[in-house]
Amino acid sequence: MDPSRGAISELPIKAEVRNFNFHYGEFHALKDVTMPLCERKVTALIGPSGCGKSTLLRSFNRMHDLYAGNRYGGEIILHPDQTNLLDPRVDPIEVRMRLSMVFQKPNPFPKSIYENVIYGQRVRGVTKRSVLDDKAEEALRAAALWGEVKHRLHDMAFALSGGQQQRLCIARALATDPEVLLFDEPTSALDPIVTASIEELIHQLKEKVTILIVTHNMQQAARVSDFTAYMYLGELIEFGYTEEIFIKPRDKRTEDYITGRFG
Amino acid sequence: MSSSAPSDVALIRAEIRRRKRRDLWFGALGVLALALALLTVVTLFINMLIDGWARLTPEFFTSFPSRRAGQAGILSAWVGSLLVMLVTASVAVPLGVAAGIWLEEYAPKHWLTDIIEININNLAGVPSIIYGLLALGLFVYTFGLGQSIRTAGLTLALLILPMIIVATREAIRGIPQSIREGAYALGATRWQMVRHHILPYSMPGIFTGVIIGMARAIGETAPIITIGALTFIAFLPPAPLVGTPPFVNFEWLSAPFTVMPIQIFNWTSRPEAAFQQNAAAASVILVAMTLMMNGLAIWLRYRLRKNLKW
Ligand SMILES: Nc1ncnc2c1ncn2[C@@H]1O[C@H](COP(=O)(O)OP(=O)(O)OP(=O)(O)O)[C@@H](O)[C@H]1O
Ligand SMILES: [Mg+2]
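Residues numbered from 1 in each chain as written. Chains lettered and ligands numbered in written order. Predicted model: local features only at pLDDT ≥ 70, side-chain atom pairs only at ≥ 80, totals over all residues. Heavy atoms only, no water.

A look at the overall build of chain B
Threshold: Only DSSP runs of H or I covering at least 4 residues are called helices, and only runs of E covering at least 2 are called strands; the numbering of each starts at the N terminus. Only C-alpha atoms enter the radius of gyration; for comparison, a globular chain is expected to reach 2.2 Å times N to the power 0.38, where N is the number of residues. The buried label goes to any residue with under 20% of its type's maximum accessible area, the exposed label to any with over 50%, and the partly exposed label to all in between, with areas taken from a 1.4 Å probe on protein chains only. Two residues form a contact once any of their heavy atoms are found within 4.5 Å. Accessible surface area values rest on a Shrake-Rupley calculation with a 1.4 Å probe, where residue burial reflects the displayed protein chains alone. Only four residue types enter the tally: Lys and Arg on the positive side, Asp and Glu on the negative side; His and the chain ends are excluded. Here the site of a charge means NZ on Lys, CZ on Arg, CG on Asp, or CD on Glu.
Along chain B, the regular secondary structure elements total eleven helices and zero strands. Its helices and strands in sequence order give chain B the pattern α-α-α-α-α-α-α-α-α-α-α, from N to C terminus. Computed over the C-alpha atoms, the radius of gyration of chain B is 26 Å, more than 25% above the 19 Å expected from 2.2 N^0.38 for a compact globule of 310 residues. By its C-alpha atoms, chain B is 90 × 60 × 35 Å across when sized along the principal axes. Per-residue burial over chain B gives 42% buried out of 310 residues. Pairs at least 24 apart in sequence give 75% of the contacts found in chain B among residues at least 6 apart. Accessible area of chain B: about 17,000 Å², with a carbon and sulfur share of 70%. Each charge sign in chain B was given a centre, from 24 positive and 14 negative side chains, and these centres are 5 Å apart.

Quick look at the overall build of chain A
Along its length, chain A carries twelve helices and ten strands. The globule rule puts the C-alpha radius of gyration for 263 residues at 18 Å, and the 18 Å found for chain A is close to it. Each of the three principal axes of chain A carries a C-alpha extent, and together these read 55 × 45 × 35 Å. For chain A, the proportion of its 263 residues judged to be buried stands at 56%. Considering only residue pairs separated by 6 or more positions, chain A has 67% of its internal contacts joining residues 24 or more positions apart.

Re unusual backbone geometry
Outside of glycine, negative phi angles account for most residues, and trans bonds account for most peptide bonds. Residues and elements named next belong to chain A. A cis amide bond, omega 10 degrees, links His 79 with the succeeding residue Pro 80. Positionally, Pro 80 belongs in the loop between strand 4 (70-78) and strand 5 (83-84). Of note in this structure, Glu 185 is not a glycine but carries a positive phi near 40 degrees. Position of Glu 185 among the secondary structure elements: in the loop between strand 7 (180-184) and helix 9 (192-205). Judged by its relative accessible area of 12%, Glu 185 is buried. Unlike most non-glycine residues, Leu 233 shows phi in positive territory, near 50 degrees. Secondary-structure assignment places Leu 233 in the loop between strand 9 (227-232) and strand 10 (235-241). Judged by relative accessible area, which is 55%, Leu 233 ranks as exposed.

Examining the pattern of salt bridges
All names here are of chain B. Note the following rule: When a carboxyl oxygen of Asp or Glu lies within 4 Å of a side-chain nitrogen of Lys or Arg, that pair is called a salt bridge.
Tallying each qualifying case throughout the model produces 29 salt bridges over all chains. Residue Arg 18 is joined to Glu 15 by a salt bridge in which the shortest nitrogen-to-oxygen separation is 2.5 Å. Of this pair, Arg 18 and Glu 15 both sit in helix 1 (residues 5-52), three residues apart, which is roughly one turn of that helix. When the shortest N-O distance is used, the salt bridge between Glu 105 and Arg 180 registers 2.8 Å. Highlighted residues: Glu 105 in helix 3 (residues 75-106) and Arg 180 in helix 7 (residues 177-185), separated in sequence by 75 residues.

Some details on the pairing of strand 2 (residues 27-38) of chain A
Residues and elements named next belong to chain A. Note the threshold: Here, strands pair whenever DSSP counts at least two bridges between them.
Two strands pair when backbone bridges link them, and strand 1 (residues 13-24) and strand 2 are joined in this way by eight bridges, in the antiparallel orientation. Bridge pairing in strand 2 links His 23 to His 28. What sits between the antiparallel neighbours strand 1 and strand 2 is a turn of two residues, in which Gly 25 has the positive phi angle 60 degrees.

Re the pairing of strand 1 of chain A
As defined by bridge partners, strand 1 of chain A adjoins strand 4 of chain A across eight bridges and the pair is classed as antiparallel. Paired with A:Arg18 across the bridge in strand 4 of chain A is A:Glu75.

Quick word on the interface of chain B and chain A
Our working rule: By definition, the buried area sums, over both parts, the 1.4 Å-probe accessible area that each loses when the two are put together.
Residue-level contacts link 21 residues of chain B with 26 residues of chain A. Counting each side, the surface lost to burial between chain B and chain A is near 1,900 Å², with a carbon and sulfur contribution of 63%. Summed over the three residues of chain B that lose the most area to chain A, namely B:Glu181, B:Ala185 and B:Leu186, the buried surface amounts to 34% of that side. For the interface between chain B and chain A, the tally reads one salt bridge.

Here's the deal with helix 6 (residues 129-142) of chain A
All names here are of chain A. Heads up, the condition is: To estimate how far a helix should extend, the number of its residues minus one is multiplied by 1.5 Å. This arc is taken over the directions from the axis of the helix to the C-beta atoms.
Over its 14 residues, helix 6 extends 20 Å from the first C-alpha to the last, a length consistent with the 20 Å expected when each residue adds 1.5 Å. What helix 6 keeps buried is the set Leu 132, Lys 135, Ala 136, Ala 139 and Leu 140. Projected down its long axis, helix 6 carries its buried residues within an arc of 120 degrees, all on one side.

Considering helix 8 (residues 190-218) of chain B
Heads up, the condition is: Note on bend: at a given residue it equals the angle between the axes fitted to the 7 residues ending there and to the 7 starting there.
Spanning 29 residues, helix 8 of chain B covers only 36 Å between terminal C-alpha atoms, well under the ideal 42 Å at 1.5 Å per step. The largest bend along helix 8 of chain B measures about 55 degrees and falls at B:Met203, with the proline B:Pro204 one to four residues further on.

Put into C-alpha cells, the structure is as follows:
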C-alpha cells in the first residue's frame, strides 16, 4: 500500500527485532515489538517516559542479563551472520563485543582518559602499546575530543567537563569497532552547544556504523535520524522514515505525541 | 496587605529566634557529650603516661620480661604481637576480601545468601572469648596446631574476618552500578570487571576496614589467654628471615609466644608498684600503636579516595 514502506524492506538490514517481549518480574514492559535497524542509518526511539525505550535498547547488548528476575522472549537477529543476540547459547560477552553502548549519564571510569578509551581493548587482551596508542587516538578523533585532550591523556577522566566526559564515553564505545552503536539519551545532561556537537558526531559516525538512539527531544530525533520508531506503553506503535513519522504520521497516538498534545 | 507587613516580619523573626535557640541547645548538648567522652579517654591516657613515663626508655623495648621490674621489658611481647598480626593479616585479608566480593558480585540473591549476610553481621558482635574457645577446640586440640603464634594469628583472623567482610561489602556497595554496566558493556567478563574496577575502587574502604580490624585484634586479650599464650617468655621465636637459602623460615609459626596485652595483664596482676609502672608504660605503647593504625587508616582513606568521586 505505502510505497515507502516497501522501500525500507529493500534496504540493507543490520539487525531485526522480531516478536520481542520483555518482563520485569511480572511487569510486561515490551509487547511483541518487531522492527528493523537499517545498515549505517540512524534509528531513533521516541515515546513518552516509561514506554520502554531504554528497555528495548538495553536488550540489544543483553544488559538485562545482569539482573535477576528479567525475562524476555523473541529474537534480535544481527546480520550478516544471522546471529540471534538473545539466544541463551550466544555469550552476552560476544554480543557486547559487537555492539557498543553509550549511557544517558556519562560514566567514565575513575581512571585516566587514556585508560578509559582503551578499556575495550584491554579486556580483549591487547597489551601492545603502539596498538593501544593508535586506537586511542583514532577513537578520540572520531569522538571529536582529540584536540582537547591530546596533551593530557593521562589526566583523570573526572577532570573533564560533562560534555567532554560524554564524548569520552563515545570514544570508549567506538574504540572497540562496534557494528552497532546504542545511545540512551546521550545528550540529556548536556548543554545545547555540546548537544549540537554530539549530533554532528552521530551524523559522521553513521558512515561506518549502524546507530540506534533513544531520545526525548523531538527536534533531535528529526535532526539526526533516518528512521523513527514511536513507542507507547511497551508497544511499537509506528515505525518509518523520520520525515514520514513527523510530517504525516499514520497513527493518531504518534501524531498527538509529536505535536505535543501528549503529556 | 502592605500595611501589615512590618508586624509579620517581626513575628517571623521572633519565630526564627525561638527555633534557633533550640538549635543552640542541641549544639551545646552535643559538644558536652563529645567533651565528656574525649576527656575520659585523654585523662586515662595522661594518667598512664605519667605512671609509665620513667619506663619509656629504649631498653624497655629491647629487654625480655624479668623478675626485677626495673630490668623488665616488652621485647618478646611486641615481637609476638607483630608476628601474630602478620599471620592474622595474611589470613583474614585475602579471605575476607574474597568473601566480600563473592557476596556482592557473584552470589545469587536469595534466602541462603540473606541468611549468610545476617550471620556475618551477627558474627561481628560475638564476644571475643567465644572465638578463643572455638580456637582452643579447633586449632589446638583438633588440628594440633599447638599454643603457638599460628594458632593465635588464626584465632584473631577469625575474630576480624567478619569486620573485613562487612567493610569490603560496604566499600563495594559504594561503587555506582553505572561503572559496572560501563565495563560489562565493553565486553568485560565478571572477573575483569572485579579485577579492573571493583577491587581498585573499593580498596580505600577495604584498607580502612583492615586497619581498624587489626587495631582491634592487637588489643585482644581474652581469646589469646584462652588458647594458652604464655605470660612469661624470655626468648624470641626463630627469625622468619635467615641468611642461608631458602632465606625464609616458618618455624616461628609454631613457637610459643606472648603479646602486648598479655604482658600488660601479667604486670598489672603483680602487687609491686614498679610492675604497675611497667604495665602503664606498655599500655601507652599499645594505645599509641592502635592510634597510629587508626590514623593510618584515615590518611589512607583520604589519599586513595581523592580520585574516586561519583
Ligand atoms: N528494573 C526494573 N524493574 C521493574 N520495572 C522496570 C525496571 N526498569 C524499568 N521498569 C519499568 O519498565 C517500563 C519501561 O521502562 P524504560 O526505562 O524502558 O522506559 P523509558 O521509555 O526508557 O523511559 P524514560 O524515557 O523515562 O527513560 C517503565 O514502566 C518502568 O517503570
Ligand atoms: Mg530511558
